[in-house]
Amino acid sequence: LQAQLRETDVLYIIARAQQIGPPSAVKRISRPKFPLTYTIGSEDAMMPGMPGFEKGTALTMAARISRSGNAIGAPGDLEGVYTKNPTRPSEAGVDIIIDKVRE
């Protein structure tokens, strides 16, 4: 899908400590270039003090390339998840492959 990238695309890396409700943290990256090295942690929390990065917490990691720049997903966005979900805070090598187009 890399050939479909546009200059105006925005990458969102999303960490969830639970399957429902808001993400624990989101990192927004304008004009991403791949491959991309990232870190995400409590400094990227949706709200200060939001749980999700305590030792032992199970995190589900995903990424979405937004065509509109909006944080809310829309048809045509490019998406992917970490195939070994869940992961743990401070785990390295969490490679997310963006391999689907949102319908």
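Scroll up a little and you will see the structure.
Residues numbered from 1 in each chain as written. Predicted model: local features only at pLDDT ≥ 70, side-chain atom pairs only at ≥ 80, totals over all residues. Heavy atoms only, no water.

(A) Structural view of the pattern of salt bridges. All chains considered together, the criterion is met by 6 salt bridges. Arg67 is paired through a salt bridge with Asp9; the nearest N and O atoms lie 2.8 Å apart. Here Arg67, found in the loop between β3 (60-66) and β4 (78-81), pairs with Asp9, found in the segment before β1 (10-16); they are 58 residues apart in sequence, far enough to count as distant. When its relative accessible area of 15% is taken as the criterion, Arg67 is described as buried. Owing to a relative accessible area of 1%, Asp9 belongs among the buried residues under this scheme. The partner of Asp44 in a salt bridge is Lys27, with the nearest N and O atoms 3.4 Å apart. Here Asp44, found in the loop between β2 (25-30) and β3, pairs with Lys27, found in strand β2; they are 17 residues apart in sequence, far enough to count as distant. Given a relative accessible area of 13%, Asp44 falls into the buried group. Since its relative accessible area comes to 19%, Lys27 is described here as buried. (Salt bridge = Lys/Arg side-chain N within 4 Å of Asp/Glu carboxyl O. Helix = DSSP H or I, 4+ residues; strand = E, 2+ residues; numbered from the N terminus. Buried < 20%, exposed > 50% of the residue type's maximum accessible area, 1.4 Å probe, protein only.)

(B) A look at the nonpolar core. Judged by nonpolar contacts, the single largest core of 14 residues is most densely connected at Leu11, Ile13, Ile40, Met61, Ile96 and Ile98. Mapped onto this core, the elements with two or more residues apiece are β1, β2 and β3. Sequence-distant contacts of Ile98, defined by excluding residues within four places in its chain, comprise Leu1, Leu11, Phe34, Ala63, Ile65, Leu78, Glu79 and Gly80. (Core = buried A, V, L, I, M, F, W, Y, C linked by side-chain atoms within 4.5 Å. Contact = heavy atoms within 4.5 Å.)

(C) Highlighting the pairing of β1. Along β1, 6 of the 7 residues are buried, which leaves the element largely enclosed by surrounding structure. Across 6 bridges, β1 lies against β2 in antiparallel orientation. Across the sheet, residue Leu11 finds its bridge partner in β2, namely Ile29. As judged from the 7 bridges shared by β1 and β3, these two strands associate in the antiparallel manner. Counterpart to Ile13 in the pairing with β3 is Ala63. (Pairing = 2+ DSSP bridges.)

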